[in-house]
Amino acid sequence: MKVKRSSIIADAILYIYKLKLKLEAIKRELSNLDAIKRENLSLVKQVQYLPKVKVDKVGKGFLVKVISQKGGDNLIPILEVCEEMGLIVLHARVSRNFYFSMEAIVIAEEERGLDVKDVAQAVVEAIERHVEGADRSIYVPVVLN
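Residues numbered from 1 in each chain as written. Predicted model: local features only at pLDDT ≥ 70, side-chain atom pairs only at ≥ 80, totals over all residues. Heavy atoms only, no water.

Looking at an unreviewed UniProt entry, one finds the chain named Plant bHLH transcription factor ACT-like domain-containing protein and attributed to Hevea brasiliensis. The annotation that UniProt attaches to the chain under Subcellular location (unreviewed entry) is "Nucleus". (UniProt positions renumbered as here; feature names shortened; annotations may be inferred.)

Before going further, it helps to examine the overall build of the chain. Along its length, the chain carries three helices and five strands. Going from the N terminus to the C terminus, the chain shows its helices and strands as α-β-β-α-β-β-α-β. Considering the chain as a whole, with its 145 residues, one finds that 24% of them fall into the buried category. Sequence-distant contacts, at least 24 apart, represent 61% of the contacts inside the chain between residues at least 6 apart. (Helix = DSSP H or I, 4+ residues; strand = E, 2+ residues; numbered from the N terminus. Buried < 20%, exposed > 50% of the residue type's maximum accessible area, 1.4 Å probe, protein only. Contact = heavy atoms within 4.5 Å.)

For helix H2 (residues 75-84), the complete set of buried residues consists of Pro77, Ile78, Val81 and Cys82. Viewed along the axis of H2, the buried residues span an arc of 140°, placing them on a single side of the element. Across H2 from its buried face, at more than 90 degrees, point the exposed residues Ile76, Glu83 and Glu84. Phi turns positive, to about 75°, at Gly86, one or two residues after H2. (Arc of directions from axis to C-beta.)

In this section: a nonpolar patch on the surface. There is a patch of nonpolar side chains on the surface, built from Leu14, Tyr17 and Leu21 and spanning about 290 Å² of accessible area. Here Leu14 falls in the partly exposed class, since its relative accessible area comes to 44%. (Patch = residues over 30% accessible without salt bridge, like charges linked within 9 Å, V, L, I, M, F, W, Y side chains within 5 Å. Areas by Shrake-Rupley, 256 points an atom, 1.4 Å probe, with all protein chains shown as cover. Salt bridge = Lys/Arg side-chain N within 4 Å of Asp/Glu carboxyl O.)

Now for the pairing of strand E4 (residues 99-108). Pairing between strand E2 (residues 61-69) and E4: nine bridges, direction antiparallel. Residue pairing in the sheet places Val66 in a bridge with Met102 of E4. Judged from the eight bridges that link them, strand E3 (residues 87-95) and E4 form a sheet pairing that is antiparallel. Bridge pairing links Ser95 to Ser101 in E4. The loop that links E3 with its antiparallel partner E4 comprises three residues. (Pairing = 2+ DSSP bridges.)

Scored by pLDDT, the chain has a mean of 83; 81% of the residues are at 70 or more. Across the chain, the element-wise mean pLDDT spans from 55 in strand E5 (residues 142-144) up to 91 in E3. (pLDDT = per-residue confidence, 0-100.)

Turning our attention to the pattern of salt bridges. Evaluation of the coordinates by the stated rule reveals one salt bridge. Of the charged contacts, one joins Arg93 and Glu103 as a salt bridge, the two residues approaching to 3.0 Å between their closest N and O atoms. With Arg93 in strand E3 and Glu103 in strand E4, the pair connects residues that are ten residues apart, well separated along the chain. Classification of Arg93 as exposed rests on a relative accessible area of 53%.

Here we come to the nonpolar core. Grouped together as the largest cluster of nonpolar side chains are 22 residues, with contacts concentrated most on Val55, Val64, Val66, Val119 and Val123. Counting residues per element, the ones that place at least two in this core are strand E1 (52-58), E2, H2, E4 and helix H3 (116-133). Once you skip the residues sitting within four places of it in the chain, Val123 turns out to touch Val53, Val64, Val66, Ile78 and Val81. (Core = buried A, V, L, I, M, F, W, Y, C linked by side-chain atoms within 4.5 Å.)

The grouping of Glu80, Glu83, Glu84, Glu109 and Glu110 at the surface amounts to a negative patch. Looking at the element boundaries, Glu80 is found in helix H2. Residue Glu80 is classed as partly exposed on the basis of its relative accessible area, which comes to 44%. (Lys, Arg positive; Asp, Glu negative; His and termini not counted. Charge placed at Lys NZ, Arg CZ, Asp CG, Glu CD.)

In structure tokens, the structure reads:
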């Protein structure tokens, strides 16, 4: 009977150990899923507040950053407004992976006394006109430094 009793106890301890390992694996999986959830919620929050326009003064030019929803193709209206304002795009980087994002360095063809607010407002108006043409109304937050 002692052999059977010790065998039963050993089997029970082994079973409890295996359950403990399974519980640790489930906790790791839950932790991974929580991290993925937080990342996705962060992306959703970013998209909720799109589009965003940020303009910084850089030397004699401006650094223009725009982020908007993927469906909103704002590149052409932004480039058109730059041309209307007499701004030359020296360098631009555009991405459309998860959302539309553009970062461009622009300078004025001639000294016009433009400031960050002028450029930001013109870009915002270009986006609003483009979106209104698609029968949607939006609010575009502007970040000024």
